[in-house]
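Now for the letters of each chain:
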Amino acid sequence: MHNSFVQEWGIDPGKEGTINSATVKYTDFLLATASGKVEGVKGLGKLATPFERTKVAAYTLGAMTPCMRLYSFLGKELQAILGPEGNGHPYKNWIDNYSSESFQASALQTEDLLDKLSVSLTGEELDIIEKLYHQAMKLEIEFFLAQPIAQTTLAPLTEGHNPEEDRLVIFSDFDLTCTVVDSSAILAEIAIVTAPKSDVVQPETQIVRMSSADLRNTWGLLSGQYTEEYEQCIESIMPSAKVEFNYEALCKALEQLSDFEKRANSRVIDSEVLKGLNLEDVKRAGERLILQDGCTGFFKKIVKNENLNTNVHVLSYCWCGDLIISAFSSGMLLPCENHE
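Quick caveat: nothing in here was measured; it's all calculated off a predicted structure.

Attention now moves to the environment of Arg267. As for its placement among the helices and strands, Arg267 is situated in helix α9 (residues 247-271). Looking at Arg267, the relative accessible area reads 22%, which means it is partly exposed. When the C-alpha atoms of Arg267 and Leu222 are compared, they prove to be 7.7 Å apart, with 45 residues separating the residues in sequence. For Arg267, the residues in contact, after removing those within four places along its chain, are Leu222, Gln225 and Glu229.

As a further point, take a nonpolar patch on the surface. Side chains of Phe245, Tyr247, Leu250 and Leu254 sit close together on the surface and give an oily, nonpolar patch of about 480 Å² of accessible area. Position of Leu254 among the secondary structure elements: in helix α9.

Further remarks concern the nonpolar core. Proteins that are soluble and globular tend to have nonpolar side chains buried together. Grouped together as the largest cluster of nonpolar side chains are 26 residues, with contacts concentrated most on Phe174, Cys178, Val273 and Phe328. Of all the elements in the fold, those that place two or more residues in this core are α7 (183-194), α8 (212-237), α10 (279-287), α11 (295-303) and α12 (321-329). The dominant element in this core, judged by the number of residues it contributes, is α7, at six residues. With 15 residues, the next largest nonpolar core counts Val38, Ala58, Leu61 and Ala136 among its residues.

Below, the discussion takes up the packing of aromatic side chains. A full pass over the atoms with the stated rule returns 13 aromatic pairs. Ring geometry for Tyr71 against Trp94: centres 5.7 Å apart, planes inclined by 50 degrees, an arrangement best described as tilted. Linking Tyr71 in helix α3 (residues 50-82) with Trp94 in helix α4 (residues 92-99), this pair joins segments that are 23 residues apart in sequence. Overall, the relative accessible area of 11% leaves Tyr71 in the buried class. Among the aromatic residues, those joined into a cluster by ring pairs are Tyr71, Trp94, Tyr98, Phe103, Phe143 and Phe144.

Counted according to the given criterion, the structure contains eight salt bridges. Across the pair Lys55 and Glu125 runs a salt bridge, and its minimum N-O distance is 3.6 Å. You can see Lys55 sitting in helix α3 and its partner Glu125 sitting in helix α6 (residues 123-145), a full 70 residues away along the chain. For the pair Lys55 and Glu125, one class covers both residues: buried. Across the pair Arg284 and Asp281 runs a salt bridge, and its minimum N-O distance is 2.7 Å. Highlighted residues: Arg284 and Asp281, both in helix α10, separated by three residues, approximately one helical turn. On the accessibility criterion, Arg284 (39% relative accessible area) is partly exposed. Exposure remark for Asp281: the relative accessible area of 24% places this residue in the partly exposed category.

Moving on to α4. Taken residue by residue, α4 has Trp94, Ile95, Tyr98 and Ser99 as its buried positions. Looking down the long axis of α4, one finds its buried residues gathered within 115 degrees of arc, a one-sided arrangement. The elements touched by buried residues of α4 are α1 (2-8), α3 and α5 (101-118).

Quick notes on the rules
Residues numbered from 1 in each chain as written. Predicted model: local features only at pLDDT ≥ 70, side-chain atom pairs only at ≥ 80, totals over all residues. Heavy atoms only, no water. Helix = DSSP H or I, 4+ residues; strand = E, 2+ residues; numbered from the N terminus. Buried < 20%, exposed > 50% of the residue type's maximum accessible area, 1.4 Å probe, protein only. Contact = heavy atoms within 4.5 Å. Patch = residues over 30% accessible without salt bridge, like charges linked within 9 Å, V, L, I, M, F, W, Y side chains within 5 Å. Areas by Shrake-Rupley, 256 points an atom, 1.4 Å probe, with all protein chains shown as cover. Salt bridge = Lys/Arg side-chain N within 4 Å of Asp/Glu carboxyl O. Core = buried A, V, L, I, M, F, W, Y, C linked by side-chain atoms within 4.5 Å. Phe/Tyr/Trp six-rings, centres within 6.5 Å; stacked < 30°, edge-to-face > 60°. Arc of directions from axis to C-beta.

Shown next as structure tokens:
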């Protein structure tokens, strides 16, 4: 298969080229293991017994099996993503090969052979195979991480997760990440709809509120100012050219964004456009809030998975935690707590 790629892509394997160090690490590891050069193990003599040769074969399979199983898994996963319309994909042949039933059978055969060769080994020797397996998988991961990636990558955070020892803490934004519309706009609309008309005299016992017309005008001005200053803020913190990741620069940029949001919040509070909102109206609005496709299923899958020890936190500059709680509590994520 690889030879066919060389021919198809017009590559000359005879020409010298730079070998990826991650590749060399794994192939050197395999060759060393197959020759009996295993850390903490005495090397084979010139007159190695059949048992010693069987042991080295088991060690070698322990170093090979992760590669077989990983490629088998990746082939199946990528094939499912590719679907029937992926005929034009540049790596279709690669995916077809590693997702094929014959390769799945080869991976299983390798694992079965490793099990058979391990039957006569001692506990100490089985520990060595386990270490070789882990080392091989680590080198495989380093191999894939060494490849240039042009698209967004999703990391499987749950891999290796032990719920008895580990806890996943997942943070999610709320507005326009979980929701289809900005929740602050919903609160403003509730305030406008429930506000008294300009020609209605408000009882002295009630909180004095702006008229619905004044509220709409004020909110319009606040929204326009927010949008304009938000664009300016993002433009000021985004680098003009592609740069290497810099943690300190990221923290500084997030601080600038946080300061902007605080100033915008203060303007809304000072304007009193949300003054006098009814809490029950806010909760009902949250229950009817439309969430993004997949949002409900994503959180349900997390909180109802007994094999995960997970805390989910939803962060927002939304003016009311009750709106967020009611949005997630309508048959989905009970119980919810408000930590404003």
